Amino acid sequence: MFVSITALIFYFGLLDFGLGVDQLIFVQTVWRHGDRTPVWDYPGDPNADYQWPVGPGELTPHGEEQHKVLGGIFRQLYATGQNSFLNPNYDEKEIYIRSTEMPRAIDSAKADMQGFFPDLTAGNAEEPAYRSRIPIQTEDIKTDFAGFLPDCPGHDRALVEYIDRIEAPVLAKYQDLLDLIHENTGLNISLHNWDPYMIYDLFHIQRDLYHMPVPDWFTTQVQYRTKQLAIWRVDAFLGYGNPHSVEVARFRGELLKEMLQRMDDKLACAQNPQTPGLNCTFLAPLKFYAYSAHDLTVASLLASLGSYLSIPGRFLHYTVCATMELWMRDGVPYVKILLRSTPWGNFHVFTPFTPGCPEAPFCPLSTLKDRSAPYLPKNITAACGVA
């Protein structure tokens, strides 16, 4: 939707967004859930009977605390700090929290809001304040193309063809590793499925995060190589193998498409609160829109932005979070991209890693849209071949 610059200058000027003043007007963010239990084990896993505090794949108490910390960082950034523009007391018109249907993502969103608004007093012992007062909206996992991994035959076919083209040098490099894993677990590893990723994920949780014993054959060198193979598999899923495939990458562009469209809609409602086809009653006061999701969700956004390969360590930790801020600068809309790559770190500016954007904290919204266009699906359900 086209919004004239003259109209925006006029509108934001009326709201005391004067020329020469940088003003934050909208924040969209996507995070990975916090620390979780393993989602699977393998035949002969010596830790298979370990008594976790929650079920397989669920958010742990430690993961809950990680998201309370992230919520506290959001609070300082946007509600109480220098650039505060949110009401420090929860306002349902300003905040929209969306989660995939996975319990670990929903619970992470709840914990995040507890850190964001710790002074809420409603609720009781059975239902804490942050759970009873801040709604977490969920999307049907079968159609949530922005947040999760719904059935997409079109992507499946494109990915099979893509991996067939690029896997030969990887197999040559890692065949001995695949044979070792098969010999010790009985698993037949294929680069066409998620086995390399799941094996690394399991041992990473057991050895690195919970200091459990692991089999002697899984040395630190084997673990490192398994991690590299797991990263390669994620790369391929996103179209970032060698060579890069925009066709494959486009299947994961729905999240960025939604976020860019929401920025356009936000600006359109600012120009005309009665814009046909838009719910400006919802959009006009909205200031913070969050997706509580998964590592591949965050990776998909960064892949669509072209900055995926610049992720520190090429590994997306729990609570990794990418944020897109919409600013008005001299009456022109700009975007600042931020990344928090570890559960113990702070946000840092990630905009310059987006190809096509200036080597600066801010990227003109028009520039960001133009450079991102090849990565945005025109119709994701049609591309996937689903109803």
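So, how was this worked out
Residues numbered from 1 in each chain as written. Predicted model: local features only at pLDDT ≥ 70, side-chain atom pairs only at ≥ 80, totals over all residues. Heavy atoms only, no water. Salt bridge = Lys/Arg side-chain N within 4 Å of Asp/Glu carboxyl O. Helix = DSSP H or I, 4+ residues; strand = E, 2+ residues; numbered from the N terminus. Buried < 20%, exposed > 50% of the residue type's maximum accessible area, 1.4 Å probe, protein only. Phe/Tyr/Trp six-rings, centres within 6.5 Å; stacked < 30°, edge-to-face > 60°. Lys NZ or Arg CZ within 6 Å of the ring centre and 35° of its normal.

Asks: How would you summarise the pattern of salt bridges if you had to cite specific residues and measurements?
Replies: Taken as a whole and assessed by the stated rule, the structure comprises 13 salt bridges. Residue Asp201 is joined to Arg36 by a salt bridge in which the shortest nitrogen-to-oxygen separation is 3.1 Å. Of this pair, Asp201 sits in helix H7 (residues 195-209) while Arg36 sits in the loop between strand S1 (23-32) and helix H2 (61-80), and the two are 165 residues apart along the sequence. When sorted by exposure, Asp201 lands in the same class as Arg36, which is buried. For the salt bridge of Glu139 with Arg98, the shortest nitrogen-to-oxygen distance reads 3.8 Å. Residue Glu139 is located in the loop between strand S3 (137-138) and helix H5 (153-166), and its partner Arg98 is located in strand S2 (residues 95-99); the two are separated by 41 residues in the primary sequence.

Asks: Go over the packing of aromatic side chains, please, and point to the residues and values.
Replies: Going through the model one piece at a time under the given rule, you end up with 26 aromatic pairs. Both rings, one in Tyr96 and one in Phe282, keep their centres 5.5 Å apart while their planes meet at 80°; by these two values the pair is edge-to-face. Of this pair, Tyr96 sits in strand S2 while Phe282 sits in helix H11 (residues 280-283), placing them 186 residues apart in sequence. Both rings, one in Phe350 and one in Phe353, keep their centres 4.7 Å apart while their planes meet at 35°; by these two values the pair is tilted. Of the residues examined, Phe350 reaches a relative accessible area of 1% and is grouped as buried. Phe353 sits in the partly exposed class, given a relative accessible area of 39%. Following the ring pairs from residue to residue traces out a cluster consisting of Trp31, Phe74, Tyr78, Phe85, Tyr90, Phe116, Phe117, Phe288 and Phe347. The cationic tip of Arg262 hangs over the ring face of Tyr289; the distance from NZ or CZ to the ring centre is 3.6 Å. The ring of Tyr334 carries the charged tip of Arg329 above its face, separated from the ring centre by 5.4 Å.

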